[in-house]
Amino acid sequence: MRDDLKSWLEGNGEKVLRQIGIRTGQIILDFGCGSGNYSLPIAKIIGDGGKLFALDKNGSDLDKLLQRARLEKLNNIEIVKTKGELTLPFKDEFFDVVILYDVLHFYYFSFDERRDLLKEVRRVLKQDSFLSVYPEHMGLEEIKREIEDVNFYLESKYLKKLIHEDIYTKGYILNFKKKRANRGQVSTFDI
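Note that this is a predicted model, so its numbers are computed, not measured.

Colleague: Got a minute to help me understand the confidence of the model for the protein chain in this structure?
Modeller: Reading predicted coordinates in detail is not appropriate for stretches of low pLDDT. Considering every residue of the protein chain, the mean pLDDT works out to 92; 93% of them sit at 70 or more. pLDDT under 50 marks residues 183–191. Its contacts with residues more than four places away, or in other chains, come to 0 contacts.

This is how it looks when you write it as structure tokens:
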């Protein structure tokens, strides 16, 4: 294991993730979790009272994550294998936090697919929860605009030393909250 990844997994990751709002007892979705470089520190923070759903389409990465979690004696991770579909297999307003780290770019998703995924993320997030995005390979303003277009607003932005491909790099974490429905607004329906 490289020195950067080792220091990340032995405490630096937890420190960064606490600073951006990860707390004990939360229910979190790590979408596109890979082999767990973010999942493992998150699972340590949320503890036994929390639950991390680690979703990915790469079965070998998920197997590696599960092995790493067992070595760390982390029992609060549930593996979710997907075939790449954008519909999330969770009920409405289920999660306290959804993590989209290094997945919202053209290598994985077209503009329309990103929009569909963001709508699903909005559906599964609790009202007072947040979406956390590490927009590697995309411009900050571009991804901010796309996320705001599906009824989120930027709550906070952090410049941090993050792990990417097992080495440290400087990058931004953007946290978004769901916009509340306008109270008193009358909806019109055709009957």
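Colleague: So what exactly am I meant to see when it comes to the pairing of strand β2 (residues 51–56) here?
Modeller: The side chains of a regular strand alternate between both faces of the sheet. Most of β2 is tucked away: 5 of the 6 residues are buried. Of the strand pairs in this sheet, strand β1 (residues 27–31) and β2 are connected by 5 bridges, and their pairing is parallel. Residue pairing for β2: Phe-31 is matched across the bridge by Leu-55. In this fold, β1 hands off to helix α2 (residues 39–46), which returns the chain to β2; that crossover is right-handed. Relative to strand β3 (residues 77–81), β2 runs parallel, the two being bridged by 5 bridges. Across the sheet, Phe-53 pairs through a bridge with Glu-78, a residue of β3. Taken together, β2, helix α3 (residues 59–71) and β3 form a β-α-β motif whose crossover is right-handed.

Colleague: Can you help me understand the pairing of strand β7 (residues 167–178) in this one?
Modeller: Bridge analysis of strand β5 (residues 125–134) against β7 gives 3 bridges, and the strand direction is antiparallel. In the sheet register, Val-133 faces β7, and the bridge partner there is Leu-174. Examined bridge by bridge, strand β6 (residues 152–164) and β7 share 12 bridges and lie antiparallel to one another. Residue pairing for β7: Leu-159 is matched across the bridge by Tyr-172. Hairpin connection of β6 to β7: 2 residues between the antiparallel strands, including Glu-165 at a positive phi of 50°.

Colleague: Which parts of the structure should I look at to understand the packing of aromatic side chains?
Modeller: Aromatic ring pairs are reported here in terms of the distance separating the ring centres and the angle at which the planes meet. With the rule as written, the count across this model stands at 11 aromatic pairs. Pairing Phe-90 with Phe-94 gives two aromatic rings, centres 6.0 Å apart and planes at 10°, and the pair type is stacked. Arranged with centres 4.8 Å apart and planes meeting at 80°, the rings of Phe-90 and Phe-95 form a pair that is edge-to-face. One residue, Lys-157, lies across the ring of Tyr-172, its end atom 5.1 Å from the ring centre. The ring of Tyr-168 carries the charged tip of Lys-161 above its face, separated from the ring centre by 4.4 Å.

Colleague: I would appreciate a short explanation of the sheet that holds β3 in the present structure.
Modeller: In a beta sheet, neighbouring strands are held together by backbone hydrogen bonds and run either parallel or antiparallel to one another. If you walk across this open sheet you meet the 7 strands as β3-β2-β1-β4-β5-β7-β6, and the pairing is mixed. Taken across any chain shown, the strands that pair with only one partner, and hence form the sheet edges, are β3 and β6. Neighbour-to-neighbour, the strand axes of this sheet turn through a mean angle of 20°, independent of strand direction. Where α3 meets the sheet, its contacts fall on β2 and β3, and the angle it forms with β3 comes to roughly 170°. Contacting β1, β4 (95–101), β5, β6 and β7, helix α4 (residues 111–124) crosses the sheet at an angle of about 140° to β5.

Colleague: Looking at this model, I keep getting lost on the nonpolar core. Mind explaining?
Modeller: With 31 residues, the main nonpolar core has Ile-22, Tyr-38, Ile-42 and Ile-77 as its most contacted residues. Leaving out residues up to four positions away in the same chain, Ile-42 has contacts with Leu-17, Ile-22, Ile-28, Leu-52 and Ile-99. Core analysis: the second largest hydrophobic core is formed by 28 residues, Phe-53, Leu-86, Val-124 and Val-150 among them.

Colleague: What exactly am I supposed to notice about the side chain of Thr-82 here?
Modeller: Along the chain, the position of Thr-82 falls in the loop between β3 and β4. One polar contact links Thr-82 to Glu-85, side chain to side chain, over a distance of 3.1 Å. When sequence neighbours within four positions are dropped, the list of residues in contact with Thr-82 reads Leu-55, Asp-56 and Lys-57.

Conventions and cut-offs
Residues numbered from 1 in each chain as written. Predicted model: local features only at pLDDT ≥ 70, side-chain atom pairs only at ≥ 80, totals over all residues. Heavy atoms only, no water. pLDDT = per-residue confidence, 0-100. Contact = heavy atoms within 4.5 Å. Buried < 20%, exposed > 50% of the residue type's maximum accessible area, 1.4 Å probe, protein only. Helix = DSSP H or I, 4+ residues; strand = E, 2+ residues; numbered from the N terminus. Pairing = 2+ DSSP bridges. Right-handed = clockwise from strand over helix to strand, strands pointing away. Phe/Tyr/Trp six-rings, centres within 6.5 Å; stacked < 30°, edge-to-face > 60°. Lys NZ or Arg CZ within 6 Å of the ring centre and 35° of its normal. Axes fitted to C-alpha atoms, helices over the stretch in contact; angles between N-to-C directions. Core = buried A, V, L, I, M, F, W, Y, C linked by side-chain atoms within 4.5 Å. Polar contact = N/O pair within 3.5 Å; in protein donor to acceptor, adjacent residues only side chain to side chain.

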